[in-house]
Every structure is written in C-alpha cells, then in structure tokens.
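Chain by chain, the residues:
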Amino acid sequence: MAQQGNFKSPARMGGLGESASASSSGAVSGGKPREDGLKGVNFERRSFLGKVVGGVGAAVAVSTLYPVVKYIIPPVKEVTNVNEMVVGKASEVPENTGKIYPFNADKVIVINDNGKLTACSAVCTHLGCLVRWEDKDNLIFCPCHGAKYQQTGEIISGPQPLPLTPYAVRVEGDDLVISKA
Ligand code: FES
C-alpha cells in the first residue's frame, strides 16, 4: 500500500531541489534577495529585546545560584566570648532536670539536682555528642557511646578521654546566669 504524505519521498525531494535552488547572491530563486528580506526589520528593537531577555536570564541565574552558594558557603557566625551571660529563666530548669544552653562557642548543661544547681559543658569529650542528665542514675550520660560523667563533669566510665569543662551557675532574681568557672 502506498504511503500518503511521505515527506522523504524521492519524488517530493526532487521537486523541492528543482524549485528551491540557491543562487550565489544568497537569494533563493523565486524569492526576494536576502538584503530585501531584511528590509523592514527593526534592529534597535531587536537589540532592546535581546537585552531584556539577557537581563531576565541573568536574574534567573542569580536567583537560582544564590541559595546554592549560600548553602555551600555557610555564613560566618559571630561567636560571642563573654565571661558570664544570662541564658534564661531559673524556672526553665525545674528540680531533677537538666537543660542545655548555648554559651559562647560551647553548649552548657545546667542541672538542677534537688535544688542544687551545677553546670558543665554538654559536649561529650569523646566525639562531641550532646550529653543529657539522667536523674534516675544521678549522672550525666552520653547517648552516642555510653560515656558517663558525674554531675560536675568528672569521668565515671566510658571511652571519653577528658572530663566535661565545668562552669559556674547562679540565679539572680528570676534569671539563670552562667559564667566561666
Ligand atoms: Fe560521647 Fe562517644 S561521643 S561517648
């Protein structure tokens, strides 16, 4: 069965070749010379549109790349270095609990053991996990590899090489104040 509308048919291609032979002046036989074909094209408008499209493209590229660059290069965090700081309210650490606060570049756990407040670094000296207060065992525990510390940061057992850095803590009015020991 013959195929209808086959654009690659040799008969059709031959026909096109005959009627669309190009001349050396750039004009297509039966058509206008190239120069004539460009008459009436407003090049100023074209270049303006080109600039608009380029500008939109640049804006899209910047808005796409900016979050990627911000993700790859995190902002430099300004770390404070003070001797003491009000970190919160005393009521935030009820009896027999512990709570972690940022203090300068460190994180400090404040422990309220039956009304007695103590504080030490909350960053385990083994591999840097955050510790927690285990009130039932009356010790500081690291959930990563089982390091155990006394309430004041001294080592009880585990893989950690050093005790936790001790801090001083006091209540002023309602405020909880941590200071370097
Ligand atoms: Fe704490 Fe390993 S990080 S025990």
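Here, the structure is the one placed above.
Here's a quick rundown of the structure. This structure is a prediction, so every number in the text was calculated from the model and none was measured. (Residues numbered from 1 in each chain as written. Predicted model: local features only at pLDDT ≥ 70, side-chain atom pairs only at ≥ 80, totals over all residues. Heavy atoms only, no water.)

**Some details on the sheet that holds strand β4 (residues 116-121)**
Point 1. Spatially, the 6 strands line up as an open sheet ordered β1-β10-β9-β4-β3-β2, and their pairing is antiparallel. Each of the sheet's edge strands pairs with one partner strand only, and the pair in question is β1 (84-89) and β2 (97-103). Taking the axes of each pair of neighbouring strands and ignoring which way they run, one obtains an average angle of 30° across the sheet.
Point 2. Sheet topology note: the β2/strand β3 (residues 106-113) ladder contains 7 bridges and is antiparallel. Following the sheet pairing, Gly 98 is matched in β3 by Ile 111. (Pairing = 2+ DSSP bridges. Helix = DSSP H or I, 4+ residues; strand = E, 2+ residues; numbered from the N terminus. Axes fitted to C-alpha atoms, helices over the stretch in contact; angles between N-to-C directions.)

**So, the state of the cysteines**
Point 1. Under the defined criterion, the tally for this structure stands at 1 disulfide.
Point 2. Residue pairing for Cys 129: its cysteine sulfur links by disulfide to Cys 144, the two sulfurs lying 1.9 Å apart. On the S-S bond that ties Cys 129 to Cys 144, the torsion sits near -95°, and the link is left-handed. One end of the pair, Cys 129, is in the loop between β4 and β5 (132-134); the other, Cys 144, is in the loop between β6 (139-141) and β7 (148-149), and 15 residues separate them in sequence. (Disulfide = S-S within 2.5 Å.)

**Looking at the sheet that holds β6**
Point 1. With antiparallel pairing, the 4 strands of this open sheet are ordered in space as β5-β6-β7-β8. Edge positions in the sheet fall to β5 and β8 (155-157), since each of these pairs with one other strand and no more.
Point 2. Where β7 meets β8, 2 bridges bridge the pair, whose relative direction is antiparallel. By the bridge assignment, Lys 148 is partnered in β8 with Ser 157.

**What about the packing of aromatic side chains?**
Point 1. Counted under the stated rule, the structure contains 1 aromatic pair.
Point 2. Centre to centre, the rings of Phe 103 and Tyr 167 are 5.3 Å apart; their planes meet at 75°, and the pair counts as edge-to-face. Here the residue Phe 103 occupies a position in strand β2, and Tyr 167 occupies one in strand β9 (residues 166-172), the gap between them amounting to 64 residues. Like Tyr 167, Phe 103 is buried. (Phe/Tyr/Trp six-rings, centres within 6.5 Å; stacked < 30°, edge-to-face > 60°. Buried < 20%, exposed > 50% of the residue type's maximum accessible area, 1.4 Å probe, protein only.)

**Focus: the nonpolar core**
Point 1. With 12 residues, the main nonpolar core is built from Ile 109, Ile 111, Cys 120, Ala 122, Cys 124, Val 131, Trp 133, Ile 140, Cys 142, Ala 147, Tyr 149 and Leu 164.
Point 2. Those residues in contact with Val 131 that lie beyond four places of it in its chain are Ile 100, Ile 109, Ser 121, Ala 122, Cys 124, Ile 140, Phe 141, Cys 142, Tyr 149 and Leu 164.
Point 3. Formed by 11 residues, the second largest nonpolar core is a distinct cluster that contains Val 93, Tyr 101, Val 110 and Ala 119. (Core = buried A, V, L, I, M, F, W, Y, C linked by side-chain atoms within 4.5 Å. Contact = heavy atoms within 4.5 Å.)

**A few points about the pattern of salt bridges**
Point 1. Following the criterion strictly, the structure yields 6 salt bridges and no others.
Point 2. Lys 136 serves as the salt-bridge partner of Asp 137, at 3.4 Å between the closest nitrogen and oxygen.
Point 3. For Asp 137, a relative accessible area of 42% translates into the label partly exposed.
Point 4. The exposure class of Lys 136 is exposed, given its relative accessible area of 68%.
Point 5. Here Arg 170 and Glu 172 are joined by a salt bridge, their closest N and O atoms 2.7 Å apart.
Point 6. Glu 172 sits in the partly exposed class, given a relative accessible area of 42%.
Point 7. A single network of salt bridges, built from pairs that share partners, joins Arg 132, Glu 134, Lys 136 and Asp 137. (Salt bridge = Lys/Arg side-chain N within 4 Å of Asp/Glu carboxyl O.)

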